[in-house]
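Listed below, chain by chain, are the residues.
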Amino acid sequence: MTPEPIDTEAVDLRTVSPVELDTIAKSVWCTSRLVVAQAAAEPASVGITVAGGVADVAFGWFDAPIRIVSAPFTSAPYAPNLEAVWLPDTAALVDAARSLVAW
């Protein structure tokens, strides 16, 4: 059985300083959900800053918790084959989106 499709919006940040919180908040207003994807490990990352900033300005618009999809909290591997396993992939993003739709 094929899973149902999910309509999404993507906001690709041009800069992380300043963060375009208004642009992300407009997307949250339309979707009522937020998945932050990043190639960094989660603790003390830009993704945490983005999630916190958006939660601050758009808290009442959320119908589900914010999900952050990131690399594991380990050293980044240098070998390309290991880096491909270490970085979050499309399947991780789809799983995060599906978990929010089911919320």
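Below is a summary of the structure that appears in this document. (Residues numbered from 1 in each chain as written. Predicted model: local features only at pLDDT ≥ 70, side-chain atom pairs only at ≥ 80, totals over all residues. Heavy atoms only, no water.)

1. Describing helix 1 (residues 21–31)
Of the positions making up helix 1, those classed as buried are Ile24, Ala25, Ser27 and Val28. Along helix 1, the residues classed as buried sweep out an arc of 160° about the axis, all on the same side. Exposed and facing more than 90 degrees away from the buried side of helix 1 are Asp22, Lys26 and Trp29. The secondary structure elements touched by the buried residues of helix 1 are helix 2 (46–58). Taken from the residues just after helix 1, serine 32 is the one with a positive phi, measuring 65°. (Buried < 20%, exposed > 50% of the residue type's maximum accessible area, 1.4 Å probe, protein only. Helix = DSSP H or I, 4+ residues; strand = E, 2+ residues; numbered from the N terminus. Arc of directions from axis to C-beta. Contact = heavy atoms within 4.5 Å.)

2. Regarding the pairing of strand 2 (residues 67–71)
With 4 bridges connecting them, strand 1 (residues 35–41) and strand 2 associate as parallel partners. Of the residues in strand 2, the one forming a bridge with valine 36 is isoleucine 68. (Pairing = 2+ DSSP bridges.)

Everything listed is a geometric property; what it means functionally is a separate question.
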